[in-house]
Amino acid sequence: MKRFDAEAARALAAAATAHPRARLNLNWHDPAVDPVQRFFNHLSARTYVRPHRHEAQSRWELTLLLTGTVDLLRFDDEGTLIARERLQPDGLRAVEVPAAVWHSYAVPEDQEALLFEIKEGPYQAALDKRFAEWAPAETDWDASQCRDWMRYGVLGSRFRRRASRR
């Protein structure tokens with residue numbers, strides 16, 4: 001039997017905070033074979049989750065908030081912010097994102113979040129998600145600017161990429 005207790009949550013939080021991506025998954029499935037992906041995901045405030053969508057018709061994503069605060073953001077095809085839903089302990093605790101919906105997660109500056117996510121598997125990196133072309137990659141110089149826009153951007157706004165640094 002698998003178990004996830006407070007000590008495991010603390011260890012995951014510490015590892016995620018120290019990780020260059022400022023987030024970390026703890027898989028509870030065998031990515032290569034399990035028909036259902038299940039994992040804990042700790043996100044610290046400095047993480048940037050590049051907007052993406054799961055294009056396969058059945059690739060929904062269920063997210064359960066265990067602790068902390070995080071915003072689920074939805075975008076249209078051009079990158080316009082069309083919805084922001086705050087997951088927090090005294091409010092919304094779970095969301096299911098349908099297949100083919102552009103979305104991301106933004107952690108408020110002074111927060112962190114522990115999520116449990118469930119998706120259809122098995123995991124195949126090439127088919128799992130498509131990243132939004134209008135959003136910088138995690139390693140791009142303006143990724144932190146996009147993260148900040150996702151934190152504070154108003155509905156109807158878009159992230160405006162600046163000319164790249166040379």
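Bear in mind the structure is a predicted one, so any value in this text is a computation, not a measurement.

Draft legend 1. Layout of the nonpolar core. Of all hydrophobic cores here, the largest spans 14 residues; its most connected members are Y48, L73, F75, C146, W149 and M150. Among the elements of the structure, β5 (70-75), β8 (102-106) and α3 (143-152) are those that each provide at least two residues to this core. Per-element tally for this core: the top contributor is α3, with four residues. Ignoring sequence-local partners within four residues, the contact set of M150 consists of Y48, V49, P51, L73, F75, R84, S104, Y105 and A106. Within the second largest apolar cluster, 13 residues are counted, among which are A45, V49, Y105 and L115.

Draft legend 2. Examining the pattern of salt bridges more closely. One pass over the full model with this rule turns up 16 salt bridges. The salt bridge involving E55 is made with R130; its shortest N-O contact spans 2.8 Å. A residue pair is termed long-range when its members are at least 10 positions apart, and E55 in the loop between β3 (52-53) and β4 (61-68) and R130 in strand β10 (residues 130-131) qualify at 75 residues. What makes R130 partly exposed here is its relative accessible area of 37%. Between K129 and D128 there is a salt bridge; the shortest N-O distance is 3.4 Å. K129 gets classed as partly exposed once you look at its relative accessible area, which sits at 31%.

Basis of the calculations
- Residues numbered from 1 in each chain as written.
- Predicted model: local features only at pLDDT ≥ 70, side-chain atom pairs only at ≥ 80, totals over all residues.
- Heavy atoms only, no water.
- Core = buried A, V, L, I, M, F, W, Y, C linked by side-chain atoms within 4.5 Å.
- Buried < 20%, exposed > 50% of the residue type's maximum accessible area, 1.4 Å probe, protein only.
- Helix = DSSP H or I, 4+ residues; strand = E, 2+ residues; numbered from the N terminus.
- Contact = heavy atoms within 4.5 Å.
- Salt bridge = Lys/Arg side-chain N within 4 Å of Asp/Glu carboxyl O.

This is a description of form; function is not addressed.
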